[in-house]
Amino acid sequence: MSKISKKTIKRLASRTIKANKGKHLVMMTSIILTTVLFSSLFTIVGSMLSEFRQSSMGEYNYLDPIAMLVCAGAIIVFMLSGYLIIYNVFDLNLIADMKEYGLLKTIGTSGKQIRYMVKQRTNRICFIAIPIGLIIGCGIGGYLLPMIGKFINTVGPDKGHVHMSIWIILFTVAFSYLTVAISSKKPCRKASKISPIEAARFTGIIRKNGKPKRRTLVIVLSLTLSLVMLNSANTLINSFSLDNYADDYITADFCIQDELLDNAGAPDKNINAVDSSFIAELKKHDGVERIGNLYLTLGEHEFSPEVWESIERNFYSDEIVRMQIESFYTDEGYSVNDYMHEIHNKRTIDGNTYGMGELVVDKLEDVQTIDGTTKIDWNKFNSGNYILAERWQFASDGFINIVNPGDKIEIEGREYTVYALVDIPMLIEYPVYYPIECNFILSEDEYLSVYGECSPMRTLVDVQDDKETDFEKWIASYTSQTNLSYTSRQTVINDNKSFGQLFAISGVIIAVILGIIGIMNFGNTMIATIIARSRELAILEAVGMTVKQQKKSLRKDGMRYFVYTSVLTILLSSIINVTAVKTFVNNLPMFSWHFSLTALIICLPLMLIVILIIPAAAYRRLSRISVVDRLRAE
């Protein structure tokens, strides 16, 4: 028997695609969805890496390692999901295509040529599907990136902008095609090895009742996963409690600073941005009750031999401190002891010196004074004899402090007594940190006498309650024309709304994609089942079973999927809601967890309608073949 030429095989592959548009549309859709997942992720990751590479001052470059770890995990999960999606679609299509392969084998087509033909089909479908998925995914990634940029420390002041490059496109195409190639390999091998006789009788791995083994579990799980994701996203949306969070988070009614100051990746942070002209305008504004300035000088602190001996004995001997040193300062050939020997001779620690007005000092937290009180006496602190020290780090048995109340500290040749240990609220401190950092605070007048006249890093403002709205309109207009920005209760609420929208939109997008995949798998399974039972259904029709009765029987199969999916979805959604979602929500101060199954109440009836429509549509396609022709089929 002569072999078929490669040219003929290509022609057969092309004609088969045209003749099976419905099946190949499903395959194309699955590849598009997989490509959407990859391209959206690579657009986000690629843009973050591009910002990192383009940052002008390398010492300020910062790329959030947690974000990169999450992205790496997402790539693995997406590739696994894509494999399962495409493999299931290809494997289900074998039931309908296997007889075609058997006929080709009877006329001399080899297993190698069958594999080549399947690859040709796959390549042609990928040629159309991957560019479509690439465009859609890049659009989704570009839409989500600005929201992600607000909450992930990437790099540079330009973070959150899309930076497309040829590498993003190449990685997306490569990962998508690799996923398709791996997913289609097993079904392709199965098609090439089957004999003509086996192919003629092939119905797939089917139970006696005509239902594919393992398919029920796969379909139910895919439908369940999409609904659980959607319900979890809905729970996050309904768990927002921003008002209380904003009240706890803000330090004063308004905080004004340089627009790039709180961007972790910005190389040029202006720590003297609030100029005197702005403060003069501020004082004139109606409703302003109190104004407090915060100044900053960057540098390291040198300690006297007596104080340094105490620091080495009480601070550097602590196990947590030594672990911190080992994590950040040591490498091969340089140990903790080498580090300690080096700083022993220098007697210096990295840190900053703040200057604070009375309003800012009133906002300091967890105060422990030399007098044993929890409130700072402004007149005593402002006398010029005292300094405040920021606590270093919380340990299991309390805070580990570098210095203690009563210690004598020198700043620019002047000696001060540590009056109190304090915490600086995160909203107003300088947003660049050292692993081992010692920060001191002088009163505003004393700071200016030491360092000379300069502009504040931040200015805090308290405003009368009934004047806040008008003041915010003014400050928003003023800062929009300058390099300043401001933080208020309303800006905190708006920023965290974006944070919630990020989770909600991402969850909904993934849920919709998984939902489409679930429906596709269900549709393919029903079509495969009907094809496998075509002769059985023809016999039943020949002995008097009506079309209506057959459709009813098939709808019962769909109802079985719906019942299994509903029970499993409600059960899993409830468990995940009170465990994983609740734990996650409770770790975010802007959320207040509320149990909810609202998304399921809305979506399950819609899914029921779809599940009932698909079997009837699939049977309608089968019924176009006459009963006689179906009875003749082996």
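Residues numbered from 1 in each chain as written. Predicted model: local features only at pLDDT ≥ 70, side-chain atom pairs only at ≥ 80, totals over all residues. Heavy atoms only, no water.

**Considerations on the overall build of the chain**
Of the regular secondary structure elements, the chain holds 21 helices and 12 strands. Within the chain, the proportion of its 634 residues that are buried is 49%. Restricting the contact set of the chain to residue pairs at least 6 apart, pairs at least 24 apart contribute 84%. Approximately 30,900 Å² of the chain is accessible, and the part contributed by carbon and sulfur atoms is 57%. (Helix = DSSP H or I, 4+ residues; strand = E, 2+ residues; numbered from the N terminus. Buried < 20%, exposed > 50% of the residue type's maximum accessible area, 1.4 Å probe, protein only. Contact = heavy atoms within 4.5 Å. Areas by Shrake-Rupley, 256 points an atom, 1.4 Å probe, with all protein chains shown as cover.)

**What to know about the confidence of the model for the chain**
For the chain, per-residue confidence averages 77 on the pLDDT scale, and residues scoring 70 or more make up 68% of the total. Contacts of residues 55-62 to residues separated by more than four positions or lying in other chains number 15 contacts, the stretch itself having pLDDT below 50. (pLDDT = per-residue confidence, 0-100.)

**Things to note about the packing of helix H11 (residues 319-328) against helix H12 (residues 336-346)**
Helix-helix packing is described using two parameters, namely the angle between the two axes and the distance between the axes. It is the contact of H11 with H12, at a shortest axis distance of 9 Å, that shows an interaxial angle of 100 degrees. Classified by the angle their axes make, H11 and H12 are roughly perpendicular. For the pair formed by H11 and H12, the contact residues are Arg322, Ile325 and Glu326 on the first element and Val336, Asn337, Tyr339 and Met340 on the second. Of the residues assigned to the contact of H11 with H12, the class counts are four nonpolar, one polar and two charged. (Axes fitted to C-alpha atoms, helices over the stretch in contact; angles between N-to-C directions. Parallel < 35°, antiparallel > 145°, perpendicular 65-115°, else oblique. Nonpolar A, V, L, I, M, F, W, Y, C, P; charged D, E, K, R; others polar.)

**Re the environment of glutamate 312**
By the secondary structure assignment, glutamate 312 is in helix H10 (residues 305-314). Distance in space between the C-alpha atoms of glutamate 312 and isoleucine 343 is 10.0 Å, their sequence separation being 31 residues. The contacts of glutamate 312, once residues within four sequence positions are left out, are Ser317, Met340 and His344.

**Examining the packing of helix H9 (residues 276-284) against helix H16 (residues 468-480)**
Interhelical geometry of H9 versus H16 gives an angle of 160 degrees and a closest axis separation of 12 Å. With respect to H16, the axis of H9 lies roughly antiparallel. Taken as a pair, H9 and H16 cross one another with a handedness that is right-handed. Contact with H9, carried on its side by Ser277, Phe278, Glu281 and Leu282, involves Phe471, Trp474, Ile475 and Tyr478 of H16 and no other residues of that element. (Left-handed = near helix turned anticlockwise from the far one by under 90°.)

**Some remarks on a nonpolar patch on the surface**
Together, Ile166, Trp167, Ile169, Leu170, Phe171 and Val173 line one region of the surface with nonpolar side chains, adding up to about 570 Å² of accessible area. Tracing the backbone shows phenylalanine 171 in helix H5 (residues 166-193). Owing to a relative accessible area of 43%, phenylalanine 171 belongs among the partly exposed residues under this scheme. (Patch = residues over 30% accessible without salt bridge, like charges linked within 9 Å, V, L, I, M, F, W, Y side chains within 5 Å. Salt bridge = Lys/Arg side-chain N within 4 Å of Asp/Glu carboxyl O.)

**Some words on unusual backbone geometry**
Glycine aside, residues mostly have negative phi angles, and peptide bonds mostly take the trans form. Look at arginine 347: it is not a glycine, yet its phi comes out positive at around 55 degrees. We classify arginine 347 as partly exposed; its relative accessible area is 23%. With a phi angle near 50 degrees, glutamate 412 is a residue other than glycine that sits in the positive phi range. Position of glutamate 412 among the secondary structure elements: in the loop between strand E8 (408-411) and strand E9 (414-423). Assessed through its relative accessible area of 59%, glutamate 412 is described here as exposed.

**Some details on the pattern of salt bridges**
Counting across every chain of the model gives 10 salt bridges. Among the ionic pairs, arginine 290 bridges to aspartate 362, the shortest N-O distance being 2.9 Å. One end of the pair, arginine 290, is in strand E2 (residues 288-302); the other, aspartate 362, is in helix H13 (residues 358-362), with 72 residues separating them in the sequence. Owing to a relative accessible area of 34%, arginine 290 belongs among the partly exposed residues under this scheme. Accessibility expressed as a relative area gives 37% for aspartate 362, which makes it partly exposed. What emerges from the salt-bridge pattern is a single network uniting Asp366, Arg391 and Asp423.

**Concerning the side chain of threonine 330**
The residue threonine 330 is located in the loop between H11 and H12 in this model. At 2.8 Å, the side chain of threonine 330 forms a polar contact with the backbone oxygen of glutamate 326. (Polar contact = N/O pair within 3.5 Å; in protein donor to acceptor, adjacent residues only side chain to side chain.)

**Quick word on a positive patch on the surface**
On the surface, a cluster of positive charge is made up of Lys112, Arg115, Lys119, Lys185, Lys186, Arg189 and Lys193. Mapped by element, the contributors of at least two residues to the positive patch are helix H4 (111-151) and H5. Element by element, the count of residues in the positive patch is highest for H5, at four residues. Relative to the elements of secondary structure, lysine 112 occurs in helix H4. (Lys, Arg positive; Asp, Glu negative; His and termini not counted. Charge placed at Lys NZ, Arg CZ, Asp CG, Glu CD.)

**Considerations on helix H15 (residues 444-451)**
Among the residues of H15, Glu444, Glu446, Tyr447, Leu448 and Val450 are the ones counted as buried. For H15, the elements touching its buried residues are E2, strand E3 (348-356), helix H14 (378-381), E9 and strand E10 (440-443). Once H15 ends, the next one or two residues include glycine 452, with phi positive near 85 degrees.

**Here's the deal with H11**
Listed as buried for H11 are Val321, Gln324 and Ile325. Taken down its axis, H11 places every buried residue within 100 degrees of arc, on the same side. Away from its buried face, by an angle of more than 90 degrees, H11 presents the exposed residues Glu319, Glu326 and Ser327. The N-cap of H11, judged by a side-chain oxygen 2.9 Å from the amide nitrogen of isoleucine 320 a few residues on, is aspartate 318. (Arc of directions from axis to C-beta.)

**Thoughts on the packing of aromatic side chains**
If you walk through the whole model with that rule in mind, you get 16 aromatic pairs. The interplanar angle of 15 degrees and the centroid separation of 6.3 Å between the aromatic rings of phenylalanine 278 and tryptophan 474 together place this pair among those described as stacked. In this pair, phenylalanine 278 is assigned in helix H9 and tryptophan 474 in helix H16, connecting sequence segments 196 residues apart. Residue phenylalanine 278 is classed as buried on the basis of its relative accessible area of 0%. (Phe/Tyr/Trp six-rings, centres within 6.5 Å; stacked < 30°, edge-to-face > 60°.)

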